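The chain contents come next:
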Amino acid sequence: TTLRETYPQMALRIDMGSAMTTMLDEGDDPLPVLKRLAQLNIAYVEDPVSSKLIDLLPSDVVPLGLDLVTTPYERALEAVERSQIRVLVLKPHLCGSFARAFTLARTARARGVTVVLSSLYDSPVGICALLHLAVALGLDGAHGLNTLSLIYPHPCPSLRPGRDGRIVVPSGPGLGLKPGA
């Protein structure tokens, strides 16, 4: 609440890491918690429960998201097709192939589900590949791709976000990275 009051315009996302799974396992009603989260005007709640239980949560109180790090590909596709989620946190490397990642992302977008790319391999090559994928899919908005800034010294200054928070897709052969990146 304090964060929302201090920064009313900030986009907030909450990753619950399946914290509500125990609540459902014990028969508690998740609605009061979801309503309190909705009052904070958050962008979405990521992984409120384990993916097998997502259909037990109402999808109209607060936007729900699933992360592929905790959700098998087939279950994510099912949740998208059944309109159980509003956000898909896509880690393409967990899809088995980039073709399957494209299929999942396109299916999600066709159903009105927001696709957020997130890194699994925090390296210049991994982040650059995801930047190219974001462009190929026509994705805009905030993604989880600024993880290289957590490494000191930054391993690839050309992949630092600008003042606007955007990372520029390198141009050139391959992924556009210079040798040694």
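Counting restarts for each chain: residues are numbered from 1 in the order of the written sequence. Thresholds applied to this predicted model are a pLDDT of at least 70 for local features of residues and 80 or more for the giving and counting of side-chain atom pairs; totals over whole chains, interfaces and linings are not thresholded and use all residues. Hydrogens and water are ignored here; the side-chain numbers use all heavy atoms of the structure.

### A word on unusual backbone geometry
Across the junction of Tyr152 and Pro153, the peptide omega takes the value -10°, indicating a cis bond. Secondary structure elements follow DSSP: runs of H or I of four or more residues count as helices, runs of E of two or more count as strands, with numbering from the N terminus. Structurally, Pro153 can be placed in the segment after α6 (124-137). Of note in this structure, Ser18 is not a glycine but carries a positive phi near 65°. For Ser18, the location among the structural elements is in the loop between β1 (13-15) and α2 (21-25).

### Some points on the nonpolar core
Side-chain atoms within 4.5 Å are what join buried Ala, Val, Leu, Ile, Met, Phe, Trp, Tyr and Cys residues into a set we call a nonpolar core. Buried means the residue's accessible area, taken with a 1.4 Å probe over protein chains only, is under 20% of the maximum for its type, while exposed means over 50%, and partly exposed covers the values in between. Ile85, Leu88, Leu90, Leu104 and Leu159 are the most contacted members of the largest nonpolar core, which has 48 residues in total. Among the elements of the structure, α3 (31-39), β3 (64-67), α4 (73-81), β4 (87-90), α5 (98-110), β5 (114-117) and α6 are those that each provide at least two residues to this core. For this core, the element with the highest residue contribution is α6, accounting for seven residues. Excluding residues within four positions of it along the chain, Leu90 makes contact with Leu68, Cys95, Ala101, Leu104, Ala105, Val115, Val116, Leu117 and Ser118. Contacts between residues were defined by any pair of non-hydrogen atoms, one from each residue, lying within 4.5 Å.

### A word on the packing of α5 against α6
For helices, the fitted line uses only the C-alpha atoms of the stretch in contact; every axis is such a line through C-alpha atoms, and the angle between N-to-C directions lies from 0 to 180 degrees. Their axes nearest at 11 Å, the elements α5 and α6 cross at an angle of 45°. One element, α5, and the other, α6, form an angle in the oblique class. Crossing of α5 over α6 shows right-handed handedness. Together, Phe98, Phe102, Ala105, Arg106 and Arg109 of α5 and Leu133, Ala136 and Leu137 of α6 make up the contact between the two elements. Under the scheme applied, nonpolar residues are Ala, Val, Leu, Ile, Met, Phe, Trp, Tyr, Cys and Pro; charged residues are Asp, Glu, Lys and Arg; polar residues are all the others, including Gly. Tallied by class, residues from the contact of α5 with α6 come to six nonpolar, no polar and two charged. Under this scheme an angle from 65 to 115 degrees is roughly perpendicular, one under 35 degrees roughly parallel, and one over 145 degrees roughly antiparallel; angles in between are oblique. Put simply, a crossing is left-handed when the front helix is turned counterclockwise from the back one by less than a right angle, and right-handed when it is turned clockwise.

### Observations regarding the pattern of salt bridges
Any carboxyl oxygen of Asp or Glu that lies within 4 Å of a side-chain nitrogen of Lys or Arg is treated as forming a salt bridge with it. In this structure the tally under the stated criterion is six salt bridges. Arg82 is the partner of Glu78 in a salt bridge, and the nearest nitrogen-oxygen pair spans 2.9 Å. For Glu78, a relative accessible area of 33% puts it in the partly exposed group. Accessibility expressed as a relative area gives 48% for Arg82, which makes it partly exposed. Shared partners join several salt bridges into a network, and the residues in it are Asp55, Arg75, Glu78 and Arg82.

### Some thoughts on the environment of Ile14
Within the element layout of this structure, Ile14 appears in strand β1. On the accessibility criterion, Ile14 (25% relative accessible area) is partly exposed. Separated by 91 residues in the primary sequence, Ile14 and Ala105 have C-alpha atoms spaced 21 Å apart.

### Some points on a nonpolar patch on the surface
Taken together, the side chains of Leu3, Tyr7 and Met10 make up a nonpolar region of the molecular surface, amounting to roughly 280 Å² of accessible area. As for its placement among the helices and strands, Tyr7 is situated in the loop between α1 (2-6) and β1. Residue class for Tyr7 comes out partly exposed when judged on its relative accessible area of 44%. Patch definition: residues with relative accessible area over 30% and no salt bridge; like charges joined within 9 Å; nonpolar side chains (Val, Leu, Ile, Met, Phe, Trp, Tyr) joined within 5 Å. Using the Shrake-Rupley algorithm and a 1.4 Å probe, accessible areas are obtained, with residue cover drawn only from the displayed protein chains.

### A short note on the side chain of Asp47
In this fold, Asp47 is placed in the loop between β2 (44-46) and β3. Counted as positive: Lys and Arg. Counted as negative: Asp and Glu. His and the chain ends are not counted at all. One buried charged side chain, Asp47, makes no salt bridge at all; its nearest oppositely charged neighbour is Lys91, positioned 7.3 Å away. There is a polar contact of 2.8 Å between the side chain of Asp47 and the side chain of Thr70. With residues up to four places along the chain from it excluded, the contact list for Asp47 reads Asp15, Met16, Gly17, Ser18, Ala19, Gly65, Leu66, Asp67, Thr70 and Thr71. In protein, a polar contact means a hydrogen-donor-capable atom and an acceptor-capable atom, both N or O and within 3.5 Å, with residues adjacent in sequence counting only if both atoms are side-chain atoms; elsewhere, any N or O pair within 3.5 Å suffices.

### Quick look at the sheet that holds β2
A strand pair is defined by DSSP finding two or more bridges across the two strands. Read across the open sheet, the five strands follow the order β1-β2-β3-β4-β5; overall the sheet is parallel. Where the open sheet ends on each side, the last strands, each with one partner, are β1 and β5. Each strand of the sheet is rotated relative to its neighbour by a mean of 25°, with strand direction disregarded. Relative to β4, β3 runs parallel, the two sharing three bridges. Each residue of the ladder has a partner; that of Gly65, found in β4, is Val87.

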